[in-house]
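Structure assessment
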Amino acid sequence: MEYYLPEGTYDKSIPTPMDVLGYNPGDWHVSHDQLVTYLKALDAASDRIEMREYARSHENRPLFNLIISDPSNLARKEEIRMDHLKLTDHSKSDQVDITNLPAILYQGYSIHGNESSGANAAIVNAYYLAAGQSSEVMHTLKNTVILLDPCYNPDGFNRFASWANTHKSKTLVSDPASRELNEVWPRGRTNHYWFDLNRDWLLLTHPESQGRIKVFHNWRPNVLTDHHEMGTNSTFFFQPGIPSRTNPNTPQLNQDLTEKIGTYHAAALDSIGSLYYTKASFDDFYYGKGSTYPDANGCIGILFEQASSRGHLHESSNGVLSFPFTIRNQFVTSLSTQKATAHMRKELINFKRDFYKKQKKAATSSKIKGYVIKDKDKVKLSSFHRILSSHKVDMYALNQNISAGGKQFKKEDSYYVPMDQSQYLMVKTIFEKVRKFPDSLFYDVSAWTLPLAFDLTYAEVTNTVKLGDKVTSINPSGKLHSVRGAYAYILDWKSYNAPAALYQVMNNDLRTKVINKPFSLESGVGVRKFNRGDIVIPIQNQTMDLNEIEDLLGGIAQDYQVDFYGVRSGWADNNMTLGNPEVDKLDMPSVAMIVGEGVSSYDAGEVWHHIDQRYNIPLTMIDKRQLFRADMSRYNALILVNGRYKDLSKSEFDKIEEWVKGGGNLILFRNAIDWAIDKEIINLEKAKDEKEKSTVKSKYQQSAAANGATVLGGAIFEAKIDLSHPLCYGYDDDQIALFRRGTSLYETPTNSYSNPVNYTNNPVASGYIPRGFDKKAAGRAAVTVHQSGSGKVICFQDNLLFRGYWYGGNKLFGNALFFSSIIDGRTLAKD
Ligand SMILES: [Zn+2]
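Below or above, wherever it landed, is the structure these notes cover. Note that the structure is predicted; figures quoted are calculated from it, not measured. (Residues numbered from 1 in each chain as written. Predicted model: local features only at pLDDT ≥ 70, side-chain atom pairs only at ≥ 80, totals over all residues. Heavy atoms only, no water.)

For the rest of this paragraph, the subject is the overall build of the protein chain. Scanning the protein chain from N- to C-terminus turns up 22 helices and 33 strands. In terms of overall size, the protein chain behaves like a compact globule, its C-alpha atoms giving a radius of gyration of 28 Å where 831 residues would be expected to give roughly 28 Å. Judged by the C-alpha coordinates and their principal axes, the protein chain covers about 90 × 65 × 65 Å. Considering the protein chain as a whole, with its 831 residues, one finds that 61% of them fall into the buried category. A total accessible area of about 32,300 Å² is found for the protein chain, and carbon and sulfur atoms account for 47% of it. Taking the 95 positively charged and 94 negatively charged side chains of the protein chain as two groups, their mean positions are separated by 4 Å. (Helix = DSSP H or I, 4+ residues; strand = E, 2+ residues; numbered from the N terminus. Rg over C-alpha atoms; globule rule 2.2 N^0.38 Å. Buried < 20%, exposed > 50% of the residue type's maximum accessible area, 1.4 Å probe, protein only. Areas by Shrake-Rupley, 256 points an atom, 1.4 Å probe, with all protein chains shown as cover. Lys, Arg positive; Asp, Glu negative; His and termini not counted. Charge placed at Lys NZ, Arg CZ, Asp CG, Glu CD.)

Okay, structure coming up:
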């Protein structure tokens, strides 16, 4: 511990990591349960610490804060917390006396689980604050309340600790070729479902983020830190990042204060001789990251990046990098943050107060007064509302009908989100479409317009409207609308959870059919129009009798918030009957996905998360290495996400091809399509590149910007869908938003039945795109379907399940799983 700690006296009654764990930080990678054990021991021994669990990870590991402050502050912590909440309310903030009000500092570590110096430094930090007797420690404890979050991502962190420790030798090995320093797929960066939790601060798909944001808004910290690692040959980075890549909604004063705090980090790193830099990389643009989310909430978010030792020792261009060295840099900058926060206490508190006053002014003068939204699907709406309310954004019912953006919104089924509320900036960033950018380089996505992602009908409102009650929650429900002596039940496919419900029906061995031509029929709720995609469950000749079927469907209706409508006859209008050939038999999907080295773990994780969490369908993830022995006859659907598949052997490829031609349903995403083209599984052509020849000679110094300008890191595209195509069943209108990354495009097949989804003629809805790409993409196919033998190949160029929040694309994916077998092969160009 002497290596890390500043000189001074330390309380002997406080246990050190050695006392509890039997080793010093840096000797081993602390596992998550050891970390919990040690911090619990500190909590028990110290009157400066209160430990609070705030969530459980997917793997049921606790996420928690240590609330650390002077015991006298802890005794009045509720009062301190309430004062900080008041500071965000412009009408009450002047009442707060800040003379003795401590600042709130949220210190968080290792959101990327394999960037482990952070969480290991958190242990040293907690010990220092619990045991330290110096005037510096006392000053920090008096003037701040620290919310120490030792590990933002317990599941990924534990995966990595296990890897590094498993391969550690007694005689440390620093050779970069060593297995210890080269983790295998999917690595420890991400959480259980392989999501990057440091992109989830705005989207809140995962329990880790949901719990953390709750704590954030419970305390409204003044400073929040996010300790990461970067490439082994770098040094140490702290924010501010590249000035031109700051979100334009973030006030300049935020960046100025970040820089002022930076002088404390510089002094601390100077004192131990560590190299560092600032401003030369990393941005502050996407509000879904840990160091940027605070900036939209009157708080200073700070990113730290330490060159990674990966394992315990690693050769680097700055000499041999040891794990303890990386921990020490994270520790000293944790201390410099504490010092800065304590010294700049009043400045930071006033910044927050002024931030919310200015928000109020901006809200009042905003040309846009609010946004009106509607959607028939309560499941989608409730998820959308959950995100808004987690960010303390208020949504209201309407007290009048509104006409806006050429659309009608009835008060009965529409909602309104006003600009004039304390979270004005969050409303703005959640709803706005952005097409102008000060810079062309993005560390992450350039657009995240949530109502587009959710495929909601919405419009800007420029006049004031009469508000109804504030919405506290939206509770979707579903029902079996029974009839006496039912002939069949019909499931409404428009509901978000319909695919999950259908799978439950199939899993109970009931035969199901799908409607391919709309009709009206007398049902349990009167005459009802049934649409393409609605699912028919006939009563006759099933393995259950009518009562059992009604019990089962009634339970599914409740569990999945879907509606089943009973009908007493198959005789419908529009020349339809339920026994008509245009009501097709369906097969239960049995799904596999290829994973492993070379496959994008993010994209694979999104499929896994969606099928597992949203559909409750078992998904077999076959590692590339096991493909040779897999029995493909067990599956009728195989998914290949964005990734490299060239390394599959000839016999592995033959196996897949034979399976498709024998009737399999192959679903391909993004560059898996290129693999299928190369292997001639499908007949599709890459778009001919019409590169404009530049006549201007570029200077070497412009190269980074020029390369960045050609990257499409993530933008929102609009597409038209053919509502009569099985892949597009269940959508209400023929326009959807797709999330696009990358610039691959394909020649549109001449057979229009094989391209049911096409970009519009002016396709870019929001986000940065390379110059001219909108024209290139205009009108092109975004989804194509191909026949291969008696199987089908469905190609999605975009990410339909992006980060678990792209609800609008989900139905296309569900349709691909359930309906591929009913796509009429005669409509598709032969391969
Ligand atoms: Zn990181």
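To continue, consider the coordination of the zinc ion. Donor atoms from the polypeptide that coordinate the zinc ion comprise His112 (ND1), Glu115 (OE), Glu115 (OE) and His228 (ND1), at 2.0 to 2.6 Å from the metal. Coordination at the zinc ion is irregular: its 4 donor atoms span angles of 54 to 153° at the metal. Along the chain, the residues that donate to the zinc ion are spaced as H-x2-E-x112-H. Separated by 113 residues along the polypeptide, Glu115 in the loop between strand E3 (103–109) and helix H5 (117–131) and His228 in strand E5 (residues 223–230) bring together distant segments of the chain. Each member of the pair, Glu115 together with His228, is buried. (Donors = N, O, S within 2.8 Å, 3.2 Å for Na, K, Ca; no water. Tetrahedral: all angles 85-135°; square planar, octahedral: opposite > 155°, others 65-115°.)

Attention now goes to the sheet that holds strand E26 (residues 619–623). Spatial strand order, E26-E25-E27-E28-E33-E32-E31-E29-E30: 9 strands in an open sheet with mixed pairing. For this open sheet the edge positions go to E26 and strand E30 (735–740), each flanked by a neighbour on one side alone. Put simply, the sheet's adjacent strands are angled 25° from each other on average, direction ignored. Sheet contacts for helix H18 (residues 650–661): strand E25 (591–595), strand E27 (637–640), strand E28 (665–669), strand E32 (781–788) and strand E33 (791–796); angle to E33, the most-contacted strand, approximately 110°. Together, E25, E27, E28, E30, strand E31 (757–766) and E33 form the strand contacts of helix H22 (residues 807–819), whose direction differs from that of E28 by roughly 155°. (Pairing = 2+ DSSP bridges. Axes fitted to C-alpha atoms, helices over the stretch in contact; angles between N-to-C directions. Contact = heavy atoms within 4.5 Å.)

Before going further, it helps to spend a moment on empty space enclosed by the protein. Scanning all chains against the criterion turns up 4 cavities of 30 Å³ or more. The computed volume of the largest cavity comes to approximately 50 Å³. Lining the largest cavity, in full, are Asp603, Glu606, Val607, Val641, Phe669, Arg670, Asn799 and Leu801. Among the residues forming the lining of the largest cavity, the class breakdown is 4 nonpolar, 1 polar and 3 charged. (1 Å grid on protein atoms, 1.4 Å probe; cavity = no way out; pocket = protein on both sides within 12 Å on 5 of 7 lines; lining within 4 Å. Points joined across faces, edges and corners; volume = space filled by probe spheres on them. Nonpolar A, V, L, I, M, F, W, Y, C, P; charged D, E, K, R; others polar.)

Take the nonpolar core next. Among the nonpolar cores identified, the biggest contains 135 residues, and Leu39, Leu66, Phe331, Ile373 and Phe431 are the most heavily contacted of them. It is H5 that provides the largest number of residues to this core, a total of 11 residues. In this structure, Phe431 is in contact with Tyr371, Ile373, Phe384, Val417, Thr449, Pro451 and Tyr458, ignoring residues within four places of it in sequence. Ranked by size, the runner-up nonpolar core spans 110 residues in total, among them Ala501, Ile539, Val562 and Leu738. (Core = buried A, V, L, I, M, F, W, Y, C linked by side-chain atoms within 4.5 Å.)

Glancing now at the layout of surface pockets. When its volume is computed, the second largest pocket comes out at roughly 720 Å³. Around the second largest pocket, the lining comprises 29 residues; the ones closest to its centre are Asp375, Lys376, Asp377, Lys494 and Asp732. Only helix H12 (378–390), strand E21 (526–530) and H22 provide two or more residues apiece to the lining of the second largest pocket. Residues of the lining of the second largest pocket, tallied by class, amount to 6 nonpolar, 7 polar and 16 charged.

What follows covers the pairing of strand E8 (residues 313–316). Taken together, the 4 bridges between E8 and strand E9 (residues 319–322) define a ladder with antiparallel strand orientation. Residue pairing in the sheet places Leu313 in a bridge with Ser322 of E9. Counted along the chain from E8 to the antiparallel partner E9, the turn is 2 residues long.

A few words now on helix H15 (residues 498–507). Of all 10 residues in H15, 9 are buried; the element is thus mostly enclosed. Within H15, the full set of buried residues consists of Ala498, Pro499, Ala500, Ala501, Leu502, Tyr503, Gln504, Val505 and Met506. In this structure, the buried side of H15 is in contact with strand E18 (488–491), strand E22 (535–538), helix H16 (546–560), strand E23 (564–567), helix H17 (601–614) and H22. Positive backbone phi, at 65°, marks Asp509, one or two positions downstream of H15.

Attention shifts here to helix H13 (residues 424–431). When you tally the buried positions in H13, you get 7 out of 8 residues, the bulk of the element. On its buried face, H13 is in contact with helix H11 (345–365), strand E10 (370–374), H12, strand E14 (414–418), helix H14 (450–453) and strand E15 (457–461).

With that out of the way, let us pick up the packing of aromatic side chains. Scanning all chains against the criterion turns up 43 aromatic pairs. Each ring, one from Phe384 and one from Phe454, has its centre 5.3 Å from the other, and the planes form 70°; the classification is edge-to-face. Remark: Phe454 occurs in the loop between H14 and E15 and Phe384 occurs in helix H12; sequence separation between them is 70 residues. The pair Phe384 / Phe454 is uniform in exposure class, with both members buried. Summarising the aromatic geometry, the rings of Phe519 and Phe530 are spaced 5.9 Å apart at their centres and angled 45° between planes, so their arrangement reads as tilted. One end of the pair, Phe519, is in strand E20 (residues 519–523); the other, Phe530, is in strand E21, and 11 residues separate them in sequence. A relative accessible area of 2% places Phe519 in the buried class. A relative accessible area of 1% means that Phe530 is categorised as buried. Taken together, the ring pairs in this structure connect Tyr371, Phe384, Phe431, Phe454, Tyr458, Tyr496 and Tyr807 into an aromatic cluster. Directly above the aromatic system of Trp28 lies the positively charged group of Lys168, at a separation of 3.9 Å from the ring centroid. For the cation-ring pair, Lys811 lies above Trp493, with the distance from its terminal atom to the ring centre recorded as 5.7 Å. (Phe/Tyr/Trp six-rings, centres within 6.5 Å; stacked < 30°, edge-to-face > 60°. Lys NZ or Arg CZ within 6 Å of the ring centre and 35° of its normal.)

This paragraph deals with the sheet that holds strand E16 (residues 467–470). Across the sheet, 5 strands lie side by side as E15-E10-E14-E11-E16; this open sheet has antiparallel pairing. Edge positions in the open sheet fall to E15 and E16, since each of these has one partner strand only. Each strand of the sheet is rotated relative to its neighbour by a mean of 30°, with strand direction disregarded. Judged from the 5 bridges that link them, E10 and E14 form a sheet pairing that is antiparallel. When the sheet's bridge partners are listed, Tyr371 is paired in E14 with Val417.

Turning next to the packing of helix H6 (residues 135–143) against helix H10 (residues 323–343). H10 packs onto H6 with a crossing angle of 55° between their chain directions and a minimal axis gap of 9 Å. Overall, the two elements H6 and H10 adopt an arrangement that is oblique. In the crossing of H6 with H10, the sense of the turn from one axis to the other is left-handed. Here Glu136, His139, Thr140 and Asn143 of H6 come into contact with H10, specifically with Gln338, Lys339, Ala342 and His343. A per-class count over the contact of H6 with H10 returns 1 nonpolar, 5 polar and 2 charged. (Parallel < 35°, antiparallel > 145°, perpendicular 65-115°, else oblique. Left-handed = near helix turned anticlockwise from the far one by under 90°.)

The next subject is the side chain of Gln542. Relative to the helices and strands, Gln542 is located in the loop between E22 and H16. Relative accessible area serves as the criterion here: at 13%, Gln542 is assigned to the buried category. Of note is the side chain of Gln542, whose polar atom sits 2.7 Å from the backbone nitrogen of Arg511. A distance of 2.8 Å separates a polar atom in the side chain of Gln542 from the backbone oxygen of Pro538. For Gln542, the contacting residues outside a window of four places in its chain are Asp509, Leu510, Arg511, Ile537 and Ile549. (Polar contact = N/O pair within 3.5 Å; in protein donor to acceptor, adjacent residues only side chain to side chain.)

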